[in-house]
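# Structure at a glance
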Amino acid sequence: MYDDWAPTRYDADLAEWGYEAPQRAAAMLAAAVTTGPVLDAGCGTGLVGVELRQLGIGPVIGGDFSPVSVETARRRGVYEQVVELDLNALLAFDDRRFRAVVSVGVFSYLTDSEATVRELLRVVEPGGRVLFTQRTDLWDERDFTSLLHGLADEGVCDVSVTEPQPYLPRHPEFGGEIGIRYATLIRC
């Protein structure tokens, strides 16, 4: 779906639906991290990368599962590098490679949330941040509260989660029904 959508209407559709997650996530990250390297895990067409660049955060590496999205993000010219990336698998990055990881609008497509969160924490340096979003309906369905409390109880990371925020407020199906949460994990 994204291979067809990314180069045509993706950015315009999200703007029309009132999608502000890339701006919000970038601002949240910029409040705590002033320099990279940062991994934009599931970068799509590069909306988060654009926001991070405008806030002066870099270098940023983008990665996405969709080859067409990877090419679209590359053409934006805001990333140091853009690679194909499968967040359902181990990442080809060294431990503690990044100061931060941001993953916006991606977790609804992942098969094993815990494995993915642990993998993102693996590639972040101690004290580094992993900031990700999840839809409110899937947050509850996949029990993210227990998952994140479990990681905190293990001493893997500190956790902060926002109250539900708007997701796609002008989307004909989601509208006010489905929100989004922003989770920030600080690796111990």
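Residues numbered from 1 in each chain as written. Predicted model: local features only at pLDDT ≥ 70, side-chain atom pairs only at ≥ 80, totals over all residues. Heavy atoms only, no water.

### As for the overall build of the protein chain
Helix and strand content of the protein chain: 8 helices and 8 strands. In terms of overall size, the protein chain behaves like a compact globule, its C-alpha atoms giving a radius of gyration of 15 Å where 188 residues would be expected to give roughly 16 Å. Principal-axis analysis of the C-alpha atoms places the extent of the protein chain at approximately 45 × 35 × 30 Å. Pairs at least 24 apart in sequence give 68% of the contacts found in the protein chain among residues at least 6 apart. A total of about 8,900 Å² of accessible surface is found on the protein chain, and carbon and sulfur atoms cover 48% of it. (Helix = DSSP H or I, 4+ residues; strand = E, 2+ residues; numbered from the N terminus. Rg over C-alpha atoms; globule rule 2.2 N^0.38 Å. Contact = heavy atoms within 4.5 Å. Areas by Shrake-Rupley, 256 points an atom, 1.4 Å probe, with all protein chains shown as cover.)

### Digging into the pairing of strand β5 (residues 124-135)
Where strand β4 (residues 98-103) and β5 come together, 5 bridges link them in parallel fashion. Within β5, the position partnered with Ser 103 by the bridge is Phe 132. As for the winding sense of the linkage, the β-α-β connection from β4 through helix α6 (residues 113-122) to β5 is right-handed. (Pairing = 2+ DSSP bridges. Right-handed = clockwise from strand over helix to strand, strands pointing away.)

### Focus: the environment of Ile 61
Mapped onto the elements of the fold, Ile 61 is located in strand β2 (residues 60-64). Exposure remark for Ile 61: the relative accessible area of 2% places this residue in the buried category. Separated by 27 residues in the primary sequence, Ile 61 and Thr 34 have C-alpha atoms spaced 15 Å apart. Beyond its immediate stretch of four places on either side in the chain, Ile 61 contacts Val 38, Leu 39, Asp 40, Tyr 79, Glu 80, Gln 81, Phe 93, Arg 97 and Phe 98. (Buried < 20%, exposed > 50% of the residue type's maximum accessible area, 1.4 Å probe, protein only.)

### A few points about empty space enclosed by the protein
Considering all chains together, one arrives at 1 cavity of 30 Å³ or more under this definition. There is about 40 Å³ of room inside the largest cavity. Along its surface, the largest cavity is lined by Gly 105, Val 106, Ser 108, Thr 133, Gln 134, Arg 135, Tyr 167 and Ile 180. Of the residues forming the lining of the largest cavity, the biggest block, 3 residues, is contributed by β5. Of the residues that constitute the lining of the largest cavity, the class distribution is 3 nonpolar, 4 polar and 1 charged. (1 Å grid on protein atoms, 1.4 Å probe; cavity = no way out; pocket = protein on both sides within 12 Å on 5 of 7 lines; lining within 4 Å. Points joined across faces, edges and corners; volume = space filled by probe spheres on them. Nonpolar A, V, L, I, M, F, W, Y, C, P; charged D, E, K, R; others polar.)

### Description of the nonpolar core
Counting residues in each nonpolar core, the largest one holds 30 residues, and the members touching the most others are Val 38, Leu 52 and Val 102. Looking at this core, the elements that each hand over two or more residues are α2 (10-16), α3 (21-30), α4 (47-54), α5 (67-76), β4 and β8 (179-187). Per-element accounting of this core gives the leading share, 4 residues, to α3. Setting aside residues up to four positions removed in sequence, Val 38 forms contacts with Leu 29, Leu 52, Ile 57, Pro 59, Val 60, Ile 61, Phe 98, Ala 100 and Val 102. Counting 28 residues, the second-largest nonpolar core is a separate cluster that includes Leu 87, Val 123, Phe 132 and Phe 144. (Core = buried A, V, L, I, M, F, W, Y, C linked by side-chain atoms within 4.5 Å.)

### Quick notes on unusual backbone geometry
A negative phi holds for most residues other than glycine; trans holds for most peptide bonds. With omega at 10°, the peptide bond leading from Gly 36 into Pro 37 counts as cis. As for its position among the elements, Pro 37 is in the loop between α3 and β1 (38-41). Looking along the chain, the bond that leaves Gly 58 and enters Pro 59 is cis, with omega of 0°. Along the chain, the position of Pro 59 falls in the loop between α4 and β2. Of note, Arg 96 is a non-glycine position whose phi angle comes to about 60°, a positive value. Assignment of secondary structure puts Arg 96 in the loop between β3 (81-84) and β4.

Function cannot be inferred from these measures alone, as they are strictly geometric.
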